Amino acid sequence: MSTTKISGAEIILKALADQGVEVVFGYPGGAVLPIYDAIFNQNQIRHILVRQEGGAVHAAEGYARSTGKVGVVLVTSGPGATNAVTGLTDALMDSIPIVCLTGQVPTHLIGNDAFQECDTTGITRPCTKHNYLVKDVKDLSKVMHEAFHVARSGRPGPVVIDLPKDVCMALENYTPKEEIELKKYQPRLKPDADRIEEAVELIAGAKKPVFYCGGGVINSGPEASRLLTEFVRETGYPCTLTLMGLGAYPASDKQFLGMLGMHGTYEANMTMHGCDVMVCVGARFDDRITGRLDAFAPGAKKIHIDIDPSSINKNVKVDIPIVGDVAHVLKDLMKVWKDKKCKPDAKALDKWWAQIADWRAIDSLKFDQSGDIIKPQYVLQRLGELIKGRDSYITTEVGQHQMWAAQYLGFDEPNRWMTSGGLGTMGYGLPAAMGVQIAHPQSLVVDVSGEASFLMNMQELSTISQYRLPVKCLILNNFYMGMVRQWQELLHGSRYSESYMESLPDFVKLADTFGMTGLRTTKPGEVDDVLKEMIETDGPVIADIQVDPAENCFPMIPSGAAHNEMLLGPDDKAEKPVSEEGMVLV
Amino acid sequence: MTIDQQINFHTISVLVDNEPGVLARVIGLFSGRGYNIESLTVAEVDIEKAISRITIVTSGTEMIIEQIKAQLGRLVPIHKVSDLTLDGPHVERELALVKVVSTGDKRVESLRIADIFRARVVDSTNESFVFEIVGDTGKLNAFIDLMRPLGLADISRTGVAAIARGTEGL
Ligand SMILES: Cc1ncc(C[n+]2csc(CCOP(=O)(O)OP(=O)(O)O)c2C)c(N)n1
Ligand SMILES: [Mg+2]
């Protein structure tokens, strides 16, 4: 403990520096002025001024997901804190480590309905992993360090620290990270050895196996992805990834089946449906993955590896639960596999791969770009080709374009793909791209966007302009809230209630007002040129690519249906009407 | 109904840091995820370490009960979650204060029944008694039912406190 007393605000900045924080995404206001004053007086930590607090949290999420570090947010009390709520919920659902500092009215005014007061810890309790209200500056150093520990360890998530203004101004000694005892929260990393033995035995004896892996692999760190790849290749088994897991296993590998779930490939979902042993690694049997629960992988013995015990047996009862960190577990599995000289059942596996080859032959992601309207899938397929081998990061908004991006852009490495999976937050992609670009100034960062989502957080174009962030906004402009329109077509008799986007801005002119490059095309023949120009332009770009407004995203497991009841394309839908129970599902 | 869907009652003991908001976290978890709370009691049990013990009686299928425990275990200020119903024999006690307003035969009868249940009179006027009764939930329910026709006027119950039998602590 140092002996000179400093202000609470200075303690906060010292703690941030101590935690290795380089960037804070924030927006000032009355309650956080002491902290902004402390920021003004130092140059170790960079502050990025967003244009709305929601943008700050998504930017921090993009930063965190692309680096594996904790993203840091600073907002004022009241509206600053409430604007952050969507981002916090998003980070909770997708297990993104965030520390969000919120200003608060001085302690003596708390509970008085003071100006810009809100019950921040009350509001954020259900949408954070944990939150703190610091009422005494003596607790401040400890809370700061503990918050980072909680945010990043175990299953990561957002942590809020609510900071009354008087606490930020009071004087106290700073306690550095090393002197804080963190005994409170110690999630289990090492798995149970017996479970590992059982799992290896089951895996080795499988005849129709599948690895089903998710965002937990990515959260566990790049080593986990490396170990996963090694283990999957060692077994020769097929591997599918969730939306959150893309990049955890190389998409270009022949054992990769593509994404699974509601808009997953036919082969991935059929393999899940028909498997006899399922190895779930860092995924959580979400409803977008399982489809109808009572028809989910009916013949499978299931192994579930997760650091969060509450994910296990939540939706789907599993046979071998393994609680632990993915990298630790994979290392142990691999060791036992090698020690026991396990060999997969080659004959059974050949048969299984032959079956999978038949499913693959359906070519569920095929589309027809023969007409003179641009197909959105074509744009993403071309983008994937043009950025191959490049140091690039992709963020997305939410809707059809997001699913097409997941289907057509292949990711060979983790941390390259940022999307709002659990919450499905439109407006995520643009600020997230900002955060990614801050972390990786030299890399290509593309926000694959829909025109409706783009309008949700486009105030951040001003931030992009201020910091000269060369973010590329690729708008697949179908003039509709496409995903909403698709559900209305399939489930609500094509009554397109309020899903048409009226009065869209001229995106090229919009780019111009922010000093960005604006590009536009409506012709398939120009797609490559526009994409190349977008990629090669040094500064930020908005590319308005006007695509087929009627295109639907397939394959699709309609709500309430099972994996083997996928709709493969427009002609399929008439024969497979959606059930009543399916209609009420989201 | 299959065994998987059978609904059972479980008594869960939780040790938590006695800090502001901790009860809100626990209750918010139950309401947010749609779990039942049949009874919940809380009080500090270790003043030095500022540890409180929460006893929750809840109900659900086997999978839900497992979820409840895992979700509780995930909360940062929670040190220990223990399912007394699964962990072996335990004792459950609840205290109730029961006000009965009556005169004549009914008044006499209420006193007689209180005696059988070993309920104590802790307040009395010419027309009323307040009984204090301790026991498991079933005993309290039975006593209250018997008091209903005898002028039952008010009830205050503590909810269940529970502890494992034998030498082991939580
Ligand atoms: C904040 C928010 N509001 C509403 C929704 C519901 N929603 C999901 S997709 C979608 C339409 C998205 O339209 P667009 O961005 O144009 O993408 P497209 O589906 O057309 O590719 C809507 C409204 C959402 N996901 N997020
Ligand atoms: Mg659209």
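The structure reproduced in this document is the subject of the present report.

What counts, and where the lines are drawn
Residues numbered from 1 in each chain as written. Chains lettered and ligands numbered in written order. Predicted model: local features only at pLDDT ≥ 70, side-chain atom pairs only at ≥ 80, totals over all residues. Heavy atoms only, no water. Phe/Tyr/Trp six-rings, centres within 6.5 Å; stacked < 30°, edge-to-face > 60°. Helix = DSSP H or I, 4+ residues; strand = E, 2+ residues; numbered from the N terminus. Buried < 20%, exposed > 50% of the residue type's maximum accessible area, 1.4 Å probe, protein only. Lys NZ or Arg CZ within 6 Å of the ring centre and 35° of its normal. Donors = N, O, S within 2.8 Å, 3.2 Å for Na, K, Ca; no water. Tetrahedral: all angles 85-135°; square planar, octahedral: opposite > 155°, others 65-115°. Contact = heavy atoms within 4.5 Å. Near = heavy atom within 4 Å. Polar contact = N/O pair within 3.5 Å; in protein donor to acceptor, adjacent residues only side chain to side chain. Areas by Shrake-Rupley, 256 points an atom, 1.4 Å probe, with all protein chains shown as cover. Nonpolar A, V, L, I, M, F, W, Y, C, P; charged D, E, K, R; others polar. Patch = residues over 30% accessible without salt bridge, like charges linked within 9 Å, V, L, I, M, F, W, Y side chains within 5 Å. Salt bridge = Lys/Arg side-chain N within 4 Å of Asp/Glu carboxyl O.

**So, the packing of aromatic side chains**
A full pass over the atoms with the stated rule returns 17 aromatic pairs over all chains. With 6.1 Å between their ring centres and 65 degrees between their planes, A:Tyr480 and A:Tyr496 make a pair best called edge-to-face. Placement of A:Tyr480 in the loop between strand E18 (472-477) and helix H21 (482-491) and of A:Tyr496 in the loop between H21 and helix H22 (507-513) is noted, with a sequence separation of 16 residues between them. Accessibility expressed as a relative area gives 19% for A:Tyr480, which makes it buried. Under the relative-accessibility criterion, A:Tyr496 is labelled partly exposed at 32%. Look at B:Phe30 and B:Tyr35: their rings are 5.8 Å apart centre to centre, the planes differ by 85 degrees, and that puts the pair in the edge-to-face class. In this structure, B:Phe30 and B:Tyr35 share a single accessibility class: buried. Here the aromatic residues A:Phe211, A:Phe231, A:Tyr237 and A:Trp337 are joined through ring pairs into a cluster of three or more. The side chain of B:Arg107 reaches across the aromatic face of B:Phe129, ending 4.1 Å from its centre.

**Remarks on the coordination of the magnesium ion (ligand 2)**
Residues and elements named next belong to chain A. Surrounding the magnesium ion (ligand 2) are the protein donor atoms Glu451 (OE), Glu451 (OE), Asn478 (OD1) and Tyr480 (O), which sit 2.0 to 2.5 Å from the metal. Metal-centred angles of 53 to 176 degrees between the six donor atoms at the magnesium ion (ligand 2) mark the site as irregular. All donors of the magnesium ion (ligand 2) come from a single chain, and their spacing in sequence reads E-x26-N-x1-Y. Taken together, the residues span a long stretch of sequence, with Glu451 in helix H19 (residues 451-454) and Asn478 in the loop between E18 and H21 at a distance of 27 residues.

**A closer look at the environment of A:Gly71**
Residues and elements named next belong to chain A. Secondary-structure assignment places Gly71 in strand E4 (residues 71-75). Look at Gly71 and you get buried, because its relative accessible area is 0%. Between the C-alpha atoms of Gly71 and Pro97, which are 26 residues apart in sequence, the distance is 6.4 Å. Leaving out residues up to four positions away in the same chain, Gly71 has contacts with Ala60, Tyr63, Ala64, Pro97, Ile98 and Val99.

**Quick look at the site of ligand 1**
All names here are of chain A. With respect to spatial proximity, 17 residues lie near ligand 1, and among them Gln400, His401, Gly424, Ser453 and Gly482 are the closest. Interatomic distance of 2.7 Å between a backbone N/O atom of Gly482 and an oxygen atom of ligand 1. A distance of 2.9 Å is found between an oxygen atom of ligand 1 and a backbone nitrogen or oxygen belonging to Met483. Relative to its free-state accessible area of 580 Å², ligand 1 is covered by the protein chains to the extent of 77%. For the shell around ligand 1, the secondary structure elements donating two or more residues are helix H17 (400-408), H19 and H21. Looking at the shell around ligand 1 residue by residue, the class counts come to eight nonpolar, eight polar and one charged.

**Here we look at a nonpolar patch on the surface**
Taken together, the side chains of A:Met583, A:Val584 and A:Leu585 make up a nonpolar region of the molecular surface, amounting to roughly 290 Å² of accessible area. Looking at the element boundaries, A:Val584 is found in helix H24 (residues 580-584).

**Quick notes on the pattern of salt bridges**
This model, assessed by the stated rule, comprises 34 salt bridges over all chains. Between B:Arg112 and B:Glu109 there is a salt bridge, with its nearest N and O atoms 3.1 Å apart. Here B:Arg112 and its partner B:Glu109 are both found in helix H4 (residues 104-116), three residues apart, which amounts to about one turn of the helix. For B:Glu109, a relative accessible area of 26% corresponds to the partly exposed category. Residues joined in a network through salt bridges with shared partners are A:Glu223, A:Arg226, A:Glu230 and A:Lys338.

That's the geometry; what it means functionally is another story.
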